[in-house]
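# Descriptive structure summary
Below are the chains, spelled out letter by letter.
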Amino acid sequence: MAPTVVPTYCALCIARCGCLATVEGGRLIRVDPDPAHPTGQAICVKARAAPELVAHPERLTTPLLRTRPKGAADPGWRPISWDEALALAGDKLRAAGPRGTAFAVATPSGTAVADAFAWIHRLAHHWGSPNLVFATENCNWHRDFGPALTWGSGLAMPDTEQAATIVLWGSNPAVTWLPLAERVRAAQRRGARLIVVDPRQGGLANRADLWLAVRPGTDAALALGLIHLLLDEGGADLDFLRRHSDAFTPAPDGDRSVLERLAETAAAWPAPRVARVTGIAEANLRRAAEILAEAKPVALATWTGTCQQAEATAATRAINILYALTGSLGQPGGNRAYPKPQINDVAAFAAVTPETRGHTLGLGERPLGPPARGWITSRDLFRAIVSGQPYPIRALVAFGSNFLVSKPATRHAEAALAKLDFFVQTELFATPTARWADLLLPAASCWEREGLQAGFQVSPAADAHLQLRPAVVPPPGQARGDTRIVFDLAKALGLADHFFGGDPEAGLAHVLAPSGLDAAALRQAPRGLSAPLLTDAPALPRITLWSADLARHGGQALPVFTPAPADGDLPFTLTCGKTAHYCHSQFRQLPSLRQGQPGPETELAPDVAAARGIAPGDPIAIRTAHGQFHSTARLNPKLAPGTVWSHYGWWDDEQPINYNASMDGETFDRVSGSNALRGVGCDVRRRE
Ligand SMILES: Nc1nc2c(c(=O)[nH]1)N[C@H]1C(S)=C(S)[C@@H](COP(=O)(O)OP(=O)(O)OC[C@H]3O[C@@H](n4cnc5c(=O)[nH]c(N)nc54)[C@H](O)[C@@H]3O)O[C@H]1N2
Ligand SMILES: Nc1nc2c(c(=O)[nH]1)N[C@H]1C(S)=C(S)[C@@H](COP(=O)(O)OP(=O)(O)OC[C@H]3O[C@@H](n4cnc5c(=O)[nH]c(N)nc54)[C@H](O)[C@@H]3O)O[C@H]1N2
Ligand code: SF4
Ligand SMILES: [Mo]
């Protein structure tokens, strides 16, 4: 049979790159970019390896039931039918009860589970579970929700088309978000300036106007120092602040204005101190302040670089306030939300009663953080399972999510997973986390199921784009899409009434109803359509430099940063980042990707390598206060001095190569629960 070319998009990560899938005889044989799609300029090695993912011999193909005790190296999986599996899950979840059931979901930014994300929430919410674990506290919280403390909503997208200056702050789109990187490059070509704040000069930082080589974990000091310079030297947009913020109102606890109080707080960070703490030369600091004052509007992209820190809220607040001082928020050329296709949200957060929400783990400690939406940390989950406090949790329902590798070590992990009465996981592969499951359900990959994307984010045109991604090949064996599995489970739990009678097609019709397009029209147009009915762009809400919410909950009304004291035993600073080959702990099974990146590597700044006598290629061990992990050394002169920059997401039964096993699940931001995975004291040695 002649090959056919199907327009679609790659759903493997946030970038959702428009692409062309070539299919021959029911097999996916290649994936190419689709320049006619708003995000189709390029694809990455992961999409090129999609044929290996689809045809992989280790993919799960049938429901599997454990026959050996938990903790045994081999679970003794026994294939069972879908009917048996769903009936079993229904019985076990009824036995555990709604409060005794927790849910887990893989990251929607780094997997295709985004297709089913809202439906999974709907299932948890209508079942009545107070608890759902996903990556948010270490992923998108400080970009999408944390800024609400300062201006009531998330950061929104940088308007790269009209920005005079673009700031990438702890965000590396050349590796993590190709279409955004494309747009930043295009902006540079038309003369926009680029400032990159990152301990590592990679990707777009190589052609930035200014690279601020921040010592990992000290971003709050940098932002406070820049606030100080802008206020001290007349670089802040006071007019904008007068119109849109509380800057000129008296601070609630005195008679001076919020702006005066902010100036006083930031004055604790004069340039020489900032330089000492962050490692950034004073001249570069001043240059950054000049650009921010002169080349407006400023657009900001920030993501996990500033999120995975012990004081991520202080960093986010300081960066957001600095951004507010530029007067660019919500303006053309600044960060602003674009109108999106109108669709119905089916996550059903409103179905959660206050009583149920009151039982969300961690809500008492972090009421302004993810628990307010029912999103808990794996640490809190494991503690509750092991101790039975504040109430017993007996069952876990997971859709992907490899938390044993992607979350920091929590002392209770194995004890908790061993103690669960019932753990059902939907997966593509038998991961280290899945090995603890009682029941494993085979998931279809994004190439094997339909998926809806409403808005492709990176530009107004992309964000108006609505696409129903087709299944380009059938799933292996009996694997099913997550959405279908959610509907099946809903029926098994007697929740069909909340799930359109258990019919995913009726559910899809409901989702699409307000968009002006229906499933039939979208199936006719696999490349997607510009939706006729869009949401209104939200008005700029009032900016609160002074956070009464934080003050009320025992936090700081204005951001304050206390640098960690120097530790002679752990003289270097460990941090991490993503590579083009993998998403988190995924894709290690795919031969072409494994060939490109065969094992975990750790880049050392030249001063670190010299101090420890380490040469490129040396096997090394990285020690933190909580453990050590093995890696292979690389030298990188483009790292801030003292920095150790490592890959993560690796595991191995023989060797300790899991970065997160050496992290401390107990060190986290008090407001959000973000773990200190970056900016961690460490030492490095060569292994013999
Ligand atoms: N040290 C360190 N740790 C980190 C990070 C870091 O930068 N440094 N990054 C953090 C971030 S940003 C995130 S988002 C988290 C990610 O944490 P996780 O969400 O746990 O991501 P993965 O480890 O990639 O595991 C995802 C799992 O979901 C499965 N999966 C993929 N697609 C599907 C699907 O469509 N359906 C189903 N049912 N399963 C699927 C995959 O097979 C895989 O096993 O990791 C965090 N951990
Ligand atoms: N290839 C690939 N793409 C992905 C993913 C993936 O796993 N692989 N995951 C997806 C997901 S879930 C997410 S959340 C996004 C994340 O997207 P990004 O946030 O862009 O990803 P990272 O590479 O983890 O981190 C960004 C930068 O932070 C820098 N950094 C490290 N420590 C610090 C610090 O202390 N301060 C500052 N300012 N910067 C620091 C790193 O050097 C890195 O360049 O990517 C998405 N896209
Ligand atoms: S960056 Fe790669 S993995 Fe992510 S959507 Fe684009 S092609 Fe797919
Ligand atoms: Mo993420």
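Presented here is an overview of the structure given in this document. Note that the coordinates shown come from a computational prediction; the quantities given were computed from them, not determined experimentally.

## Observations regarding the packing of helix H3 (residues 82-96) against helix H21 (residues 482-492)
Here H3 crosses H21 at 55°, and the two axes come no closer than 9 Å. Between H3 and H21, the crossing angle belongs to the class labelled oblique. Our pair here, H3 against H21, has a crossing hand that is right-handed. Taking contact as the criterion, the partners of Trp-82, Leu-86, Ala-89, Gly-90 and Arg-94 in H3 are, on H21, Ile-485, Asp-488, Leu-489 and Ala-492. When the residues that make up the contact of H3 with H21 are grouped by side-chain class, the tally is six nonpolar, one polar and two charged.

## Some details on helix H8 (residues 178-189)
End to end, H8 covers 17 Å across twelve residues, agreeing with the expected 16 Å (1.5 Å per residue, within 8%). Where H8 is buried, its residues contact strand S8 (157-158), strand S9 (165-169), helix H7 (173-176) and strand S10 (193-197). After H8 finishes, the residue Gly-191 shows a positive phi value of roughly 110°.

## As for the sheet that holds S10
One key point about sheets: their strands pair by backbone hydrogen bonds, in either a parallel or an antiparallel sense. Across the sheet, which stays open at both edges, the four strands sit in the order S11-S10-S9-S12 with parallel pairing between neighbours. The two strands at the open ends of the sheet, each matched to only one other strand, are strand S11 (210-212) and strand S12 (298-302). This sheet shows a mean twist of 15° between the axes of neighbouring strands, independent of strand direction. Set on the sheet, helix H13 (residues 282-294) makes contact with S9, S10, S11 and S12; between it and S11 the angle comes to about 125°.

## Section: the packing of aromatic side chains
When we look at a pair of aromatic rings, we describe it by the centre distance and by the angle of the planes. Taken as a whole and assessed by the stated rule, the structure comprises 17 aromatic pairs. Pairing Trp-119 with Phe-487 gives two aromatic rings, centres 4.8 Å apart and planes at 65°, and the pair type is edge-to-face. Of this pair, Trp-119 sits in helix H4 (residues 117-127) while Phe-487 is found in helix H21, placing the two residues 368 residues apart along the sequence. Each member of the pair Trp-119 and Phe-487 is classed as buried. Relative to Phe-423, the ring of Phe-403 has its centre 6.5 Å away and its plane inclined at 25°; by these criteria the two rings are stacked. Of the two residues, Phe-403 sits in helix H18 (residues 403-406) while Phe-423 sits in strand S16 (residues 422-427), which places them 20 residues apart along the sequence. Across the pair, Phe-423 and Phe-403 agree in class, each one buried.

## A few points about the side chain of Asn-140
Note that Asn-140 resides in the loop between strand S7 (132-133) and helix H5 (141-145). In this structure the side chain of Asn-140 is engaged in a polar contact, spanning 2.6 Å, whose partner is the side chain of Thr-136. Discounting residues that sit within four places of it in the chain, Asn-140 has contacts with Phe-134, Phe-145 and Trp-303.

## Focus on the packing of helix H12 (residues 271-278) against H13
Two numbers describe how H12 lies on H13: the axes approach to 9 Å, and their chain directions differ by 115°. The orientation of H12 relative to H13 falls into the category roughly perpendicular. Taken as a pair, H12 and H13 cross one another with a handedness that is right-handed. In this structure, H12 uses Ala-271, Pro-272, Val-274 and Ala-275 to contact H13, whose residues at the interface are Glu-282, Leu-285 and Arg-286. Grouping the constituent residues of the contact of H12 with H13 by class yields five nonpolar, no polar and two charged.

## Some remarks on the nonpolar core
Core analysis: the biggest nonpolar cluster contains 57 residues, and Leu-28, Val-31, Ile-166, Trp-177, Trp-447, Val-472 and Phe-587 have the highest contact counts within it. Elements with a contribution of two residues or more to this core: strand S1 (4-9), strand S2 (18-24), strand S3 (27-33), helix H2 (50-54), S9, H8, S10 and S12. By residue number, the principal contributor to this core is H8, which donates five residues. What Phe-587 contacts, discounting residues up to four positions off in sequence, is Leu-12, Lys-46, Leu-53, His-581, Tyr-582 and Leu-593. One finds Leu-222, Leu-229, Leu-285 and Ala-315 within the second-largest nonpolar core, a separate group that totals 56 residues.

## Focus: the site of ligand 2
Neighbouring residues of ligand 2: 35 residues in total, closest Asp-198, Asp-219, Thr-304, Thr-575 and Arg-678. In the environment of ligand 2, an oxygen atom lies 2.7 Å from a nitrogen or oxygen atom belonging to the backbone of Asn-172. A distance of 2.9 Å is found between an oxygen atom of ligand 2 and a backbone nitrogen or oxygen belonging to Gly-217. When the free accessible area of ligand 2 is taken as 910 Å², the share hidden by the protein chains comes to 99%. Those elements that provide at least two residues to the shell around ligand 2 are H7, helix H14 (304-307) and strand S21 (572-576). Considered class by class, the residues forming the shell around ligand 2 number 14 nonpolar, 15 polar and six charged. Residue-level mapping places the shell around ligand 2 at the junction of two domains, with at least three residues from each of domain 2 (157-336) and domain 3 (572-686).

## Thoughts on the environment of Thr-535
Structurally, Thr-535 can be placed in the loop between strand S20 (529-530) and helix H24 (548-552). Owing to a relative accessible area of 31%, Thr-535 belongs among the partly exposed residues under this scheme. Between the alpha carbons of Thr-535 and Pro-339 there is a distance of 5.0 Å; along the sequence they are 196 residues apart. The contacts of Thr-535, once residues within four sequence positions are left out, are Pro-339, Lys-340, Pro-341 and Gln-342.

## Comments concerning the site of ligand 1
The environment of ligand 1 is made up of 33 residues, and the closest members are Ser-406, Glu-427, Asp-482, Ser-585 and Arg-678. Between Gln-308 and ligand 1, the recorded distance is 3.2 Å, taken from a side-chain N or O atom to an oxygen atom. With respect to ligand 1, the backbone of Gly-400 contributes an N or O atom lying 3.4 Å from a nitrogen atom. Alone, ligand 1 offers 910 Å² of accessible surface; in the complex the protein occludes 97% of this. Looking at side-chain class alone, the shell around ligand 1 contains 13 nonpolar, 15 polar and five charged residues.

Parameters and conventions
Residues numbered from 1 in each chain as written. Chains lettered and ligands numbered in written order. Predicted model: local features only at pLDDT ≥ 70, side-chain atom pairs only at ≥ 80, totals over all residues. Heavy atoms only, no water. Axes fitted to C-alpha atoms, helices over the stretch in contact; angles between N-to-C directions. Helix = DSSP H or I, 4+ residues; strand = E, 2+ residues; numbered from the N terminus. Parallel < 35°, antiparallel > 145°, perpendicular 65-115°, else oblique. Left-handed = near helix turned anticlockwise from the far one by under 90°. Contact = heavy atoms within 4.5 Å. Nonpolar A, V, L, I, M, F, W, Y, C, P; charged D, E, K, R; others polar. Expected span 1.5 Å × (residues − 1). Pairing = 2+ DSSP bridges. Phe/Tyr/Trp six-rings, centres within 6.5 Å; stacked < 30°, edge-to-face > 60°. Buried < 20%, exposed > 50% of the residue type's maximum accessible area, 1.4 Å probe, protein only. Polar contact = N/O pair within 3.5 Å; in protein donor to acceptor, adjacent residues only side chain to side chain. Core = buried A, V, L, I, M, F, W, Y, C linked by side-chain atoms within 4.5 Å. Near = heavy atom within 4 Å. Areas by Shrake-Rupley, 256 points an atom, 1.4 Å probe, with all protein chains shown as cover. Domains from an automatic or database assignment.

Read these as geometric descriptors, not functional statements.
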